[in-house]
Amino acid sequence: MDSYFEIKAIPDPELLQSAIVAQLMQALHGLLPAYEGRVGISFPAYGQARALGGILRLHGSSEDIQRLCDQARDDSVLSNYALITDVFPVPEKVKGYSLYRRKHVKGESDIRRLIKRHKARGTWTAELEEAIFAQYRQPQNCPHVTLKSYTTGQAKFMLFIEQVMQGKAVEGEFNAYGLSKGGTVPWF
């Protein structure tokens, strides 16, 4: 990963920044599968106000990143909702490495199915109920975006994104959202 460019959400008084970032992520989801896991994403303002922030930074080889940058500039959603920077080399001195990965969060329907399964087996107890509700009621502090899936056709789902700092670079692939499947991106 020797190059990057940034997509910066343009503030809109009629839309929340998180809604704009969701639109940008959705548009990138249409472009990233062509790169077969070679392009990763980072969020320089991750965690500010418990959100992803308004900047999406895409990392990869100079050839892939230049091609993706050109495609992003041609994409109407990206060009209407964001400013797209030029391609830059990754600085020689970085603060570290991080990976941004999907965090699966269980919802109410998961709890209902779990209860139904335990009741059907006859293993449901008051202690189990207390333990399940204690586990699932913990607040989730991971930022998220609401998207639709091109792959499964799911109309709406929440994609929670967790940042994990690493001490060294790790080679690996990225998914169709640019999130880590094991690889890190430089953090600067």
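Procedures and definitions
Residues numbered from 1 in each chain as written. Predicted model: local features only at pLDDT ≥ 70, side-chain atom pairs only at ≥ 80, totals over all residues. Heavy atoms only, no water. 1 Å grid on protein atoms, 1.4 Å probe; cavity = no way out; pocket = protein on both sides within 12 Å on 5 of 7 lines; lining within 4 Å. Points joined across faces, edges and corners; volume = space filled by probe spheres on them. Helix = DSSP H or I, 4+ residues; strand = E, 2+ residues; numbered from the N terminus. Nonpolar A, V, L, I, M, F, W, Y, C, P; charged D, E, K, R; others polar. Buried < 20%, exposed > 50% of the residue type's maximum accessible area, 1.4 Å probe, protein only.

Visitor: Help me out: how do you make sense of the layout of surface pockets in this one?
Guide: Any empty space left between atoms is shown by rolling a water-sized probe over those atoms. Its volume calculated, the largest pocket comes out at about 270 Å³. In this structure, the largest pocket is lined by 19 residues; those nearest its centre are M1, A169, V170, E171 and T184. Along its surface, the second largest pocket is lined by 13 residues, and R50, A51, C142, P143 and H144 are the ones closest to its centre. Those elements that place two or more of their residues in the lining of the second largest pocket are helix 1 (17–31) and strand 7 (144–147). With three residues, helix 1 is the largest single contributor of residues to the lining of the second largest pocket. In the lining of the second largest pocket, the residues fall into six nonpolar, six polar and one charged.

Visitor: Help me understand the environment of F160, please; the structure alone is not making it clear to me.
Guide: Structurally, F160 can be placed in strand 8 (residues 157–166). Overall, F160 belongs to the buried group, its relative accessible area being 11%. Expressed as a C-alpha distance, the spacing of F160 and E171, which sit eleven residues apart in the sequence, is 23 Å.

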